[in-house]
Amino acid sequence: MKFSIQQEYFNKTLQTLKSAISTKDMMPILQHVYIDCSGDNIEFQANNLEIGILINTDAIVEEEGEVCLPGKLLADVVASLPPQGLLEVEVNERGRATIRSVSAEMEIQGMPTEDFPKLEFSNIDFKNYIDKETILKAIRQTVVATAQDEIKQALTGVLIESKDGYINFVGVDGHRMGFVKVKSDTELERMIVPGKNLKELYKILSKRNVFNVGIAQDESKVIFECGGMYFVSRLLQGQFPNYERVIPQNFTAYFSADRKDLIDGLKRLRAIAAAGGDNAIKIALGEDSIELSTLVSEIGAGREKIKASVENDGDFEIAFSVFYLLDALESVGYSTVEFRFVDKLSQALMTSPEDTDYLHIIMPIRLCVVCK
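Analysis parameters
Residues numbered from 1 in each chain as written. Predicted model: local features only at pLDDT ≥ 70, side-chain atom pairs only at ≥ 80, totals over all residues. Heavy atoms only, no water. Helix = DSSP H or I, 4+ residues; strand = E, 2+ residues; numbered from the N terminus. Buried < 20%, exposed > 50% of the residue type's maximum accessible area, 1.4 Å probe, protein only. Contact = heavy atoms within 4.5 Å. Areas by Shrake-Rupley, 256 points an atom, 1.4 Å probe, with all protein chains shown as cover. Lys, Arg positive; Asp, Glu negative; His and termini not counted. Charge placed at Lys NZ, Arg CZ, Asp CG, Glu CD. Pairing = 2+ DSSP bridges. Axes fitted to C-alpha atoms, helices over the stretch in contact; angles between N-to-C directions. Disulfide = S-S within 2.5 Å. Expected span 1.5 Å × (residues − 1). Bend = angle between axes of the 7 residues up to and from the residue. Polar contact = N/O pair within 3.5 Å; in protein donor to acceptor, adjacent residues only side chain to side chain. Core = buried A, V, L, I, M, F, W, Y, C linked by side-chain atoms within 4.5 Å.

### A look at the overall build of the chain
- A count of helices and strands for the chain gives 7 helices and 26 strands.
- Overall, the C-alpha framework of the chain stretches about 80 × 45 × 35 Å when taken along its three principal axes.
- When burial is assessed residue by residue, the chain has 52% of its 372 residues classed as buried.
- Long-range contacts, defined here as pairs at least 24 residues apart, represent 67% of the contacts in the chain between residues at least 6 apart.
- By element, 46% of the accessible surface of the chain is carried by carbon and sulfur atoms, the whole surface being about 18100 Å².
- Separation between the mean location of the 40 positive side-chain charges and that of the 56 negative ones in the chain comes to 6 Å.

Following this line, the structure appears as structure tokens:
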């Protein structure tokens, strides 16, 4: 097996594959990258059984063949070689790879390929292609609301399902919910994708110069395709909450404010709120402004007034976790956000006039309990 490839392409490919290279010792083959040379194409794969990545790359193939090379070592070696140069890779009959650049020669011992769990997509039909930026937005605005507790396994993932001409993305952890709907004429079966896997997909897509991302399903996994790269994630089992039931209605109070002003104010108050042990930030609605404040404690106190458009018949004060508020605000890129309230004890709705296909719900902290 022998091929030549630009160091830049080789390095980018291996850095992408690192997300799917196992770091555990139980199955050594999963710590390897599978390389298959045929024609004028090289196929690279990594698969840790949680996620799998396949990338097709153009190269000069002199001798066809396949090999599994230790992924982290290979990535480190290629990254260390001079950039913008052509690398020659030759693998002998014992699976030992020699990597040559203009000034260096490295050897890496590989493994047989028989036990590697190869990814195969020849029978997969990618009908659901969505704009990359839309996919990134949907991931960013829903993963932020997924649970971290593995006991609630279904809540650690994002629900993706087709409904009424849209593909809905939903993240819920019991205290908050992120919801995004994407216009689509095609159908997807209901599935729950692990949030941590979507975070890896987000990192990869952010760096790839592509316009559209395809989505397909195959038994217990979902596959995302973009520009010759395939990202595979296992799916989660379990009951996902009826998210439509928690969307509040019949609001009695409202404010609209600049998102950056809210973020800056919350960040200034965050340290005192966290030091008090409750992380609580109170929001009090005034006539043409809102006041953000921490609870008064022996540690200290803080308050900040922010200009806002307010609708409220009387005094209204409610409290939330400062971290949940910041998570929600920092996951969106809108200039203006709107908060709507039913009462002081019910979940609040955050939206933006700039995007009618997005909403975020946050449960309040009971002030009477916090103050005890």
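Having seen the structure, we can now continue with the description.
### A word on the sheet that holds strand S16 (residues 221-226)
- Spatial strand order, S6-S2-S3-S4-S17-S16-S15-S10: 8 strands in an open sheet with antiparallel pairing. Looking at strand neighbours, the two that pair on one side only are strand S6 (65-70) and strand S10 (128-131), the edges of this open sheet. With direction set aside, neighbouring strand axes in the sheet form an average angle of 20°.
- Those strands touched by helix H1 (residues 7-17) are strand S2 (32-38), strand S3 (41-47), strand S4 (51-58) and strand S17 (229-234), and its axis lies near 170° from that of S4.
- Strands S2 and S6 of the sheet are contacted by helix H2 (residues 71-80), whose axis makes an angle of about 90° with S6.

### What about the state of the cysteines?
- Here the structure, examined in full by the defined rule, presents 0 disulfides.
- With no disulfide of its own, Cys 68 has Cys 37 as its nearest cysteine by sulfur position, at a separation of 12 Å.

### Things to note about helix H5 (residues 259-275)
- The end-to-end C-alpha separation of H5 is 24 Å, in line with the 24 Å expected for 17 residues at 1.5 Å each.
- Along H5, the helix axis deviates most sharply at Leu 269, where the bend reaches about 40°.
- Along H5, the positions that sit buried rather than exposed are Arg 259, Leu 262, Ile 263, Gly 265, Leu 266, Leu 269 and Ala 273.
- Against the buried residues of H5 lie strand S18 (253-258), strand S19 (280-285), strand S20 (289-294), strand S21 (303-307), helix H6 (322-330) and strand S24 (336-341).
- Between the side-chain oxygen of the N-cap and the backbone nitrogen of Lys 260 there are 3.0 Å, and the N-cap of H5 in question is Asp 258.
- One or two residues past the end of H5 sits Gly 277, with phi positive at roughly 90°.

### Digging into the nonpolar core
- Ile 35, Phe 255, Ile 290 and Phe 341 are the most contacted members of the largest nonpolar core, which has 93 residues in total.
- Non-local contacts of Ile 35, meaning those with residues more than four positions away in its chain, are made with Met 1, Phe 3, Ile 42, Glu 43, Phe 44, Gly 65, Glu 66, Val 67, Leu 69 and Leu 74.

### Points about the sheet that holds strand S23 (residues 317-321)
- The strand order across the open sheet built from 4 strands is S21-S20-S19-S23, with neighbouring strands paired in antiparallel fashion. This sheet does not close on itself; its edge strands, each paired only once, are S21 and S23. On average, each strand axis in the sheet is inclined to that of its neighbour by 25°, with strand direction left out of account.
- Sheet topology places S19 next to S20; 5 bridges connect them, and they run antiparallel. In the strand pairing of S20, Ile 283 is matched with Leu 292.
- Against the sheet, H5 engages S19, S20 and S21, with an angle of about 20° to S20.
- With respect to the sheet, H6 is in contact with S19 and S23, its orientation differing from that of S23 by roughly 80°.

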